[in-house]
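# A look at the structure
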Amino acid sequence: MLRTWKDASQGQPQQPHVKEQGSYQDAQSRRTCSGEPSSVTTDAASSNSGAVLDGAHALSSTITKRDRDGEDGVEDVKKRKRGPDVSVLPGSLSTPLVPSKMEGRYEQTRSRNSIIILDSFDDAIICGSRFLESTIVWATVSPEVVSSAGRISLFIVNENVSLESVTRRLASETRLKVTSWSKSVSPTRWSTLTEYQVVVSSIDAFLGHLTKGVIKMSQLRALVICDVACTSSALMTVLECFYRAQNADARPIILALRSSARVADISQLEQVLETEAASLSATVTFSRLRPLEVVVQYEPPSSSQDTKLTERIRAIQFSESSLFEAFSAARRVIQELGPCACDLMWRRGMKRGALVVNDDGDAVAKVTSELQNLIDSWPFAMPNVNSSSRGFNVSPKFARLIQILNTCKLYGDKFRGIIFVHEREVAAIMADMLCMLAQDLGFLRPLALTDSDGYSVQGVCRGFAAGESNLLIIPKSLEDLDIPSALVVVRYGVWESQLSYAYSCARTARAHGFLVHMVENGSDVERRVLSHCQRETFDERWIEVVMSGGSSPIPSQPLIENCVLPDGPDEDVGPRIEDPTTSGRLYERDAVCALYRLVSNTLHMSETSHESLFVVRQESCDALSCEWICDVLLPSELLMEQISGPPRPTPAHARRAAAFITCVRLYEHGAFDHRLFLYPWSARKTQELAHADSISGNRCYSRKQTPFWSNSLRLFSHRWFPVILHVQGREKHAPMLLLTRQPLPRMPACRLFIEGVPTVVQSVRAAPVEISADHLHALHLFTIRICRAILNKPFACSADDVAYLFAPLRSCVRGNLQSTEFQRVLDYVPWDVVLLAGKEWAVRFDPDFGSLQSVEDMVIQDRMVEFTRRYYALCLRQDLTPLSKPEDSSREAGYNNFVEYCKARRKGFDGLQDYQQPMIEVAKIASVSNHLNPVFQPLPERSRGVAKYLIPELSARFTIPASTFRTALVLPSVMRRIEDFLIVQELNAVFFNHSIHEEHLFAAISAPSAGYEVDYERLELFGDAFLKYLASIYVFVMHPSQHGVVHAARQCIISNEVLMRSAVRSGLPQYIQGKPFSYKLWHPPNFTADSFPVSNLVGNENATSGRGGTDEPSNVQSRRKKSHDESVTQWLGDKTIADVVEAIIGAAYLSGGQETALKVVKSMQVPIPNVEQWDDFRRKAPPPPSDPTALLRAGSVEAVETITGRQNINPRILGWALIHPSIDGNGTEYHEQLEFIGDAILDFVVVRYIVDRYGKLSPGAMTMLKVAMVSNSALAALCVSSGLYEHLHYDSHSLARSFEAYVNKVEARRLQETKLAAQNERSPGQYWLDIESPKSLSDLVESIIGALFIQDGYQLVGTEIFFDKVLRPFYDQYVTLKTLSHHPTKILSDLLQKHGCQDFELVKETCDAKQEARCDVIVHGIILASATASTAHVAGRAASLAALDALEGDANFMHGTCTCRSSTRGKKARKMLIDEMMTEIDPETPS
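Note that the coordinates shown come from a computational prediction; the quantities given were computed from them, not determined experimentally.

Time to look at the overall build of the protein chain. When you go through the protein chain residue by residue, the secondary structure sums to 46 helices and 38 strands. Across the 1487 residues of the protein chain, 57% fall into the buried class. Sequence separation of 24 or more characterises 74% of the internal contacts of the protein chain that already satisfy a separation of 6 or more. When the accessible surface of the protein chain is totalled, it reaches about 62000 Å², and 49% of it is carbon and sulfur.

Once that is clear, we can look at the environment of E540. Looking at the element boundaries, E540 is found in the loop between α18 (524-531) and α19 (541-547). Placed 38 residues apart in sequence, E540 and A502 show a C-alpha to C-alpha distance of 7.9 Å. At a separation of 2.8 Å, a polar atom in the side chain of E540 contacts the side chain of R290.

With that out of the way, let us pick up the packing of aromatic side chains. The geometry of an aromatic ring pair is captured by the separation of the ring centres together with the interplanar angle, meaning the angle of the planes. Tallied over the full model, the rule gives 43 aromatic pairs. Ring geometry for Y1290 versus F1299: centroids 5.2 Å apart, planes at 85°, classification edge-to-face. Exposure remark for Y1290: the relative accessible area of 30% places this residue in the partly exposed category. For F1299, a relative accessible area of 4% corresponds to the buried category. Through a chain of ring-to-ring contacts, the aromatic side chains of F1022, F1026, Y1029, Y1149, W1174, F1177, F1244, F1349 and Y1354 assemble into a single cluster. The positively charged end of R870 is found above the aromatic ring belonging to F958, 4.6 Å away from the centroid.

Glancing now at the nonpolar core. With 223 residues, the main nonpolar core has F806, F965, I1144, W1328, Y1354 and Y1371 as its most contacted residues. Excluding residues that lie within four positions of it along the chain, I1144 makes contacts with F992, I996, L1001, A1004, I1005, L1068, V1160 and M1164. In terms of nonpolar packing, the next biggest core, distinct from the first, is built from 64 residues, L481, L586, L595 and I643 among them.

This paragraph deals with unusual backbone geometry. Positive phi outside glycine occurs at N1170, with the angle close to 65°. Along the chain, the position of N1170 falls in the loop between α33 (1134-1163) and α34 (1175-1180).

What follows covers the pairing of strand β14 (residues 488-491). Here β14 shows no split at all, with V488 and V490 on one side and V489 and R491 on the other all buried. Where strand β11 (residues 417-421) meets β14, four bridges bridge the pair, whose relative direction is parallel. Bridging across to β14, G417 finds its partner in V488. One ladder, built from four bridges, connects β14 with strand β15 (residues 514-520); its direction is parallel. In the sheet register, R491 faces β15, and the bridge partner there is H517.

This part is about helix α21 (residues 651-668). Taking 1.5 Å per residue as the helical rise, α21 with its 18 residues ought to reach 26 Å, and the 26 Å between its terminal C-alpha atoms agrees with that figure. With 14 of its 18 residues buried, α21 lies for the most part within the structure.

Quick look at the sheet that holds strand β18 (residues 614-621) now. Reading across from one edge, β18-β19-β20 is the order of the three strands in this open sheet, with antiparallel pairing throughout. Edge positions in the sheet fall to β18 and β20 (643-644), since each has one partner strand and no second. Examined bridge by bridge, β18 and strand β19 (residues 626-632) share seven bridges and lie antiparallel to one another. Paired with S620 across the two strands is E627, which belongs to β19. Where α21 meets the sheet, it contacts β18, β19 and β20, and its direction lies at approximately 35° from that of β19.

Moving on to the packing of helix α12 (residues 339-351) against helix α15 (residues 424-436). Axis separation between α12 and α15 bottoms out at 10 Å; the angle between their running directions is 105°. Looking at the two axes, α12 sits roughly perpendicular to α15. Contact residues: α12 offers C340, A341, L344, M345 and R348, while α15 offers E425, A428, I429, D432, M433 and M436. Counted by class, the contact of α12 with α15 contains eight nonpolar, no polar and three charged residues.

Within the fold, M1264 resides in helix α38 (residues 1259-1270). Along the primary structure M1264 and I1387 are separated by 123 residues, whereas in three dimensions their C-alpha atoms are 8.8 Å apart.

Here the focus is helix α39 (residues 1272-1282). Residues separated by three or four positions in an α-helix point in the same direction, a consequence of the helix having 3.6 residues per turn. Taking burial as the measure, the eleven residues of α39 include eight buried ones, the bulk of the element. Turning to α39, its buried residues number three or more, namely S1273, A1274, L1275, A1276, A1277, L1278, C1279 and V1280. Elements that come into contact with the buried residues of α39 comprise α37 (1229-1253), α38, α40 (1293-1319), α41 (1335-1351) and α42 (1357-1374). Within two residues after α39, G1283 carries a phi angle of roughly 90°, on the positive side.

Per the stated rule, a full pass over the model turns up 52 salt bridges. Here D524 and R1179 are joined by a salt bridge, their closest N and O atoms 2.7 Å apart. One end of the pair, D524, is in helix α18; the other, R1179, is in helix α34, and 655 residues separate them in sequence. You can call D524 buried: its relative accessible area is 11%. Among the ionic pairs, E1013 bridges to R751, the shortest N-O distance being 2.6 Å. A residue pair is termed long-range when its members are at least 10 positions apart, and E1013 in the loop between α28 (998-1004) and α29 (1017-1038) and R751 in strand β24 (residues 750-754) qualify at 262 residues. For R751, a relative accessible area of 35% translates into the label partly exposed.

Bringing the sheet that holds β24 into the picture now. Taken together, five strands build an open sheet; the order of strands is β24-β25-β22-β23-β27 and the sheet is antiparallel. Edge positions in the sheet fall to β24 and β27 (804-808), since each of these pairs with one other strand and no more. In this sheet, adjacent strand axes meet at a mean angle of 30° when their direction is disregarded. In terms of strand pairing, strand β23 (residues 736-740) meets β27 through five bridges, oriented antiparallel.

Following the criterion strictly, the structure yields zero disulfides and no others. C797 forms no disulfide, and the closest cysteine sulfur to it belongs to C787, at a distance of 9.4 Å. Look at C797 and you get buried, because its relative accessible area is 1%.

Next up on the list: the side chain of N933. Looking at the element boundaries, N933 is found in the loop between β31 (919-924) and β32 (949-950). Overall, N933 belongs to the buried group, its relative accessible area being 18%. Not counting chain neighbours up to four residues away, the residues in contact with N933 comprise F753 and G1011.

Averaged over every residue, the pLDDT of the protein chain is 79; the share at 70 or more is 79%. Looking over the protein chain, one finds the lowest element-wise mean pLDDT in helix α3 (residues 74-79), namely 30, and the highest in β11, namely 95. pLDDT under 50 marks residues 1-106. Its contacts with residues more than four places away, or in other chains, come to 310 contacts. Predicted confidence is poor over residues 1092-1110, with pLDDT under 50, and the contacts of this stretch with residues over four places away or in other chains come to 38 contacts.

Further remarks concern the environment of W1216. If you trace the backbone, W1216 turns up in helix α36 (residues 1211-1218). For W1216, a relative accessible area of 2% gives the class buried.

Here we come to the side chain of T307. By secondary structure assignment, the location of T307 is in the loop between β10 (292-298) and α10 (308-315). A polar contact is formed between the side chain of T307 and the side chain of T310, at a distance of 2.9 Å. Not counting chain neighbours up to four residues away, the residues in contact with T307 comprise I334, P339, C342 and D343.

To continue, consider the packing of helix α35 (residues 1196-1204) against α42. Two elements in contact, α35 and α42, have axes whose closest approach is 8 Å; the angle formed by their N-to-C orientations is 75°. If you check the angle between α35 and α42, you find them roughly perpendicular. Facing T1202, I1203 and T1204 of α35, the residues of α42 in contact are I1361, F1362, K1365 and V1366. Broken down by class, the residue content of the contact of α35 with α42 amounts to four nonpolar, two polar and one charged.

Cut-off values and rules
- Residues numbered from 1 in each chain as written.
- Predicted model: local features only at pLDDT ≥ 70, side-chain atom pairs only at ≥ 80, totals over all residues.
- Heavy atoms only, no water.
- Helix = DSSP H or I, 4+ residues; strand = E, 2+ residues; numbered from the N terminus.
- Buried < 20%, exposed > 50% of the residue type's maximum accessible area, 1.4 Å probe, protein only.
- Contact = heavy atoms within 4.5 Å.
- Areas by Shrake-Rupley, 256 points an atom, 1.4 Å probe, with all protein chains shown as cover.
- Polar contact = N/O pair within 3.5 Å; in protein donor to acceptor, adjacent residues only side chain to side chain.
- Phe/Tyr/Trp six-rings, centres within 6.5 Å; stacked < 30°, edge-to-face > 60°.
- Lys NZ or Arg CZ within 6 Å of the ring centre and 35° of its normal.
- Core = buried A, V, L, I, M, F, W, Y, C linked by side-chain atoms within 4.5 Å.
- Pairing = 2+ DSSP bridges.
- Expected span 1.5 Å × (residues − 1).
- Axes fitted to C-alpha atoms, helices over the stretch in contact; angles between N-to-C directions.
- Parallel < 35°, antiparallel > 145°, perpendicular 65-115°, else oblique.
- Nonpolar A, V, L, I, M, F, W, Y, C, P; charged D, E, K, R; others polar.
- Salt bridge = Lys/Arg side-chain N within 4 Å of Asp/Glu carboxyl O.
- Disulfide = S-S within 2.5 Å.
- pLDDT = per-residue confidence, 0-100.

What follows is the structure in structure tokens.
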């Protein structure tokens, strides 16, 4: 079979010609690819860009070098047109994804002798078997080694090793024909051994046959010497007398494998074989789970224009939306299979009745008839796979597939193949096209498996095993079904799914199968996807898991899976769970994968193990069919119960059904991770750039509203999901119950600020509940009552439109929150309170006022109306009556008693029934406020006094208890925080595939203007540094020839305008939180305010619908429209949007490192094309100029290695860092390029260091530290103190003199500063500030950093070593917040101003008694720090230092104290732009 890989190419196969690369590039590949995999790769010969899949992303043992034409072959290329060659170099020396150390060694074994040292004899057997298999396959397909055809390979072992056991082992490990040959075998039998490919023999037998002339060295293709002692006389005789005596061209390739070695033995063998030994001990493991894998590349399609038939169908008079699904499928099919397939899709759709026109009206029949006639009369063409033909009508990808299938002819009747495609429609059309190619592929009997019905699948599998069909085409959605294994499995495209890869491996026959990956030539995206199958990122035990159907232990390494739903109408079928937060879905077909992901993530977090996840057992069986039941065994952390699914006809369908039921149960209990849902491609929408305001320059954008509440209404299934809200640390706040129609995702505790004091509101889930109709009606009225009360607005909403309900809870719940899940949480609801509050807003006190004993937990109203002042009842004053003199009440201070006050001020007062009733002492209830802002601004006292005592007869008791009402007052802030995190989770899912920690992402999208506790400023500083670092590396790698414009090229990536436009294109601005929480405008979803008197609505169910009433006045309509506009739109500046982009990048790096940050940059459409993963920089980087080491002084490289701490630095790279541009010669500009990237790398590393060490500092202080650390003067001083300046090579007398002068000055200043610091008992400061430094010194530091970065394969390993050894100690000693300058008062002033604070001062006063001066640092009236000293100057300095210490220790002080940024400013009218914005958002908004 493998011989026909060569035969599949069109035209004559060309001898591979690999253009010679510089020694640097080879050395760099060997050095920086450590741990990377390689592959058996089949490439398209038409590309001249080199091997597209190098060692970092391929999937087996060797790198394929595709045919490339050298400069002298250009004319030959012009004269002939070739089809794509299948130039295969399948080195099957090992199983997939072996480390590149082994890969590099195996690359050499086909061309020269090799010695490899391994851990054990077992590893030597496996290694030798892979080598033999690769060598023999290589010989069958490579024009270079055609002369070796017919030769036999020998596997030589010691005398004490069983030849039979080794023979059986080689036969099982390879696809080769193996036999043994001992001394006792007749020499005449050698001629019969030629039908075998490998012969196993002992060293003594081999020597004997060589001596007798039975066999000659020239008859051997390869010779594997497995663990034979180098001191063996037989081995030395074979090598010295027979091997070396043979002509070099006729010698076999020798691979010597040793499981242990002595230095003398190895050196002797090295001399004989003229090679060096390589140790792979403890670095290589051989997979028994993965098949041999082949990567086949195809050219991208030239175009994806509509076919003529599609254009004619589109011309029929109906909207494209009528056949939206069909047109979408046509675009996908033409991309995957080509124009011929697209036309066949229309014919197949019409035959199946799938082309249904959805237009309304009488013209539907006419349009359908016209469509039918067009397709019936259309001349459909046969597939033409000849790319050189004018009638070529398939995609290059499909043509490449045909070449692969052609190679399988030699399997004959034994052939079984599987092709995995992405969609069902593609599978069906592909099967039709393969049937139409029966003349060329007559041995194929293709069948598309598109029906997921269990009985249909059983029939297909039986037919496949019996040979009725020998090629199954299966969509990805059915890959988990129990399909028999096949000899050849083709992944028709690669998908970002490690589980899909595991299924493909499991479906490939272990002994003789091939797994073929088809990838697009030059696709960095598919390269990145393939990299997820490397040994380092993929746990091979997943293959065993899917092979066993989930009955083997689940690995704790999380799976990498995409979260995109398959396209096509056939994919959107079956029962599903829908996530109301993100609108993601989970179908039954996806449930098994979801459980695998959930369990592995749980095991990874808990660092535990779990055995079987699925246990499938046979339920019943008869002569015709069997039924199976699956039990799901979840870890106890997720669910304590065992779940069993319904009976199904196959084990796979039983697993699906049980897994889906389990997912539903987990979802209802709030234990199902929302990150497991899948999302359609259309979930993400872009925005257009809005017009800028002429005054402020800001733009008006829509403001994202979470779809959770509307989705939960749509998905409601008569079950409510309770969440207990508990205000921690406040006994007077009773717990409350939030009941939602769908389970809220898990989110962090809500942190509020009640009267400026940080308070945590804990949310605890309870078990889902079903609420009776009576109780549901009562809770509906209670929810309306509490919302009306906290905002004093006449809210109303029908029961069907209420998104969530509130309910009070008894205080006893508070003590049980941490025990177990509440199974019957409704039992803790005081239903008497709920019923009374829903019916009445207030009730009168008992007329027998003498019996009134207590007013505990009461809210008192001063009159019997709904919207009035309310008070907390403090106590019952038996010592006061209405006739008492109000001594301590300012409101009644001018009156003799309370009755006289009522007569004078209370309208309609006619006297009391009881003048001896006790008074109630009360406290005014503060109105609802914004508890999300840490800055507490107490409300101004009213000029008119507030009541302190109330007369019970004239008052009423509010029907909601005081403890419940206290909690209710923070509900607007709590619900706003919940909605904020729902928006964050949606953003994280749709944009970033859940790759960013949600706390970081929430901070990243929160502007300082929102007034939240966290904002994006710190993350923006970090993200800005990373983006500069990324853009610099990108420009350096992608545009090496544009040396003079690298800064401009980088600016085209990182400028605020570019970032803003990228964000707008991706639809990001709608998620930004740029406005403070407007608590006065808050209301639950679908609640409206009545426009008629509310006193008539109490207890009236019809009135609470909010759909009746009189016409509203125009001013009420205007206010309502303005309120609506402000809630759905916001004004954002361009820089704010750019800052948010940078902050999100910073959040991504903190969440997952530079790979995650790069993905996030790509997701936000920042212009970084042609890079999909960080390793692409290493792979695409140009080599440095010619070797500069001749220009260096002896010992320079070694000295720099000692200083930096990074050993084994490539002199070719470091040399250019040490050569100043003043030295003439080719390549000196490379020094400046290294300095360019080194500057960006240093910025990033320094900012990361500041964030790690000073994470609580304000962003302004961090910026000041960063500027001080990366300044040219600081780097020049560091260059001198470290001694690096001594190794800079330059050719300039003026530069030498400036260096000498600077070194003398800066060293003298350092000694002076150290002495002064010791005298004053302080840390030494920046002694270099007043000295002008040569820029070449700072450039040297940056260029060395750049060289270290390139040296380590574009990673920060060496840079971090240099930083930790040299830069970090320097910064810790000389650059801290207190040593930024000798004037801490100036630093303090700059720091406060950077925060935006304008209300601060230093107050100095003289203490006459002690002859001392005192200085206070006052910020917003609060004394931040104080100090006394002998003089005012010294006191001011000491107070400033103390204030800097205080700010460093309490990072939240300014955030919770300063209100300068959030102060109210005048706003210009923007009605026109708002109306324009609202027209796009809400069509009902009047223009």
